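Reading the structure
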Amino acid sequence: MSETTRALPRAGHGGPADPLLEALRGGVDVHDLGRPLFIGMPQSPNHPAYWHTLPRRHGDRVRADGASAANDMLVMGTHVGTHIDALAHVSQDGRLHGGADAAQAGVGGRYLEHGVHTIEPMVRRGVLLDVPAALGLDSCEPGYEITPADLDRAVERQGTPPGAGDVVLIRSGWGRLFDAPDPATYVGADSGVPGVGEDGARWLASRDVHAAGADTIAFECLPPGQGHSLLPAHRVLLVESGIYIIETLDLEGLAAAGVHEFTFVLSPLPLVGATGSPVRPLALVGRTGEGADG
């Protein structure tokens, strides 16, 4: 999903122009990378499902002047839909990133160290690595492990090498199955799901990226029939490297537009002590050339 902003009017004062506002005045294409949240959506079986209800509907209570207001209640895990994993989400051998004692960190029912509230809002260079396009495919096969060689091939094809502090989004093509009639198709427990493995995660870590994301639920490769039983890329990124993981992204529109480099914007909910947060990431691309102000 994408949309285009209208060009902003120019300021009337004679002060120095803000570079960011100047870019917005030229027009910006906005690609929405978040998935819609709905009851019955495909999700990891390891997390509480999304549920939405209306405790009060219009007409249940009507004010003296005829006005009525509706309200909502949500129940969901923080790793459902498009979401970000905080560093507190995964431990290895009883330790969190940096060596903190994982059991002690959870005393009191909140992870104050490495909880999602510690993730600062992101406005960073984003890079889309379109792996199927680099391999001449529409989508990677179920259970396919995306190798460092595949990532190198995508970088070479696109001319977009990731750098320190960037956010790297890896398209496998699996995201096209999100709207399949049977949600189990996208979950892929039986079929397997494509994604990076431990070697691919180390490729990302060696480039000192800030965060990494993918168009699948688990981010990493899931062999057929194994589900979420082993997640070595999570260990490498979250525990060993302090790199955040973003899952269940919608990367199809971005890929179809041929956009591989952009301004990436993401802000988690400041859920104190939580291990993750729903997010709605955006990829912003400035327009250039004739018609940019139209």
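For the structure itself, consult the block above.
Predicted, not measured: the structure shown is a model, and the values here were computed from it.

Cut-off values and rules
- Residues numbered from 1 in each chain as written.
- Predicted model: local features only at pLDDT ≥ 70, side-chain atom pairs only at ≥ 80, totals over all residues.
- Heavy atoms only, no water.
- Buried < 20%, exposed > 50% of the residue type's maximum accessible area, 1.4 Å probe, protein only.
- Helix = DSSP H or I, 4+ residues; strand = E, 2+ residues; numbered from the N terminus.
- Arc of directions from axis to C-beta.
- Salt bridge = Lys/Arg side-chain N within 4 Å of Asp/Glu carboxyl O.
- Phe/Tyr/Trp six-rings, centres within 6.5 Å; stacked < 30°, edge-to-face > 60°.
- Lys NZ or Arg CZ within 6 Å of the ring centre and 35° of its normal.

Considered for burial, the residues of helix α6 (residues 198-206) that qualify are Gly200, Ala201, Trp203 and Leu204. End-on, the buried residues of α6 take up no more than an arc of 155°, which puts them together on one face. Taken from the residues just after α6, Asp208 is the one with a positive phi, measuring 55°.

A few words now on the pattern of salt bridges. Should the charged atoms of two oppositely charged side chains come close, the side chains can pair. Counting across every chain of the model gives 14 salt bridges. Residues Arg25 and Glu22 are paired through a salt bridge, measuring 2.6 Å at the closest nitrogen-oxygen approach. Taken together, the positions of Arg25 and Glu22, both in helix α1 (residues 19-25) and three residues apart, correspond to about one turn of that helix. A residue is classified by how much of its surface remains accessible, and Arg25, at 10% relative accessible area, is buried. Taking the relative accessible area as the measure of exposure, Glu22 reaches 30% and is therefore partly exposed.

Turning our attention to the packing of aromatic side chains. Taken as a whole, this structure holds two aromatic pairs when the rule is applied. Between Phe178 and Tyr186, the ring centres sit 5.3 Å apart and the planes meet at 80°, which makes this aromatic pair edge-to-face. A relative accessible area of 1% places Tyr186 in the buried class. These aromatic residues form a ring-pair network of at least three members: Phe38, Phe178 and Tyr186. The side chain of Arg207 reaches across the aromatic face of Trp203, ending 3.8 Å from its centre.

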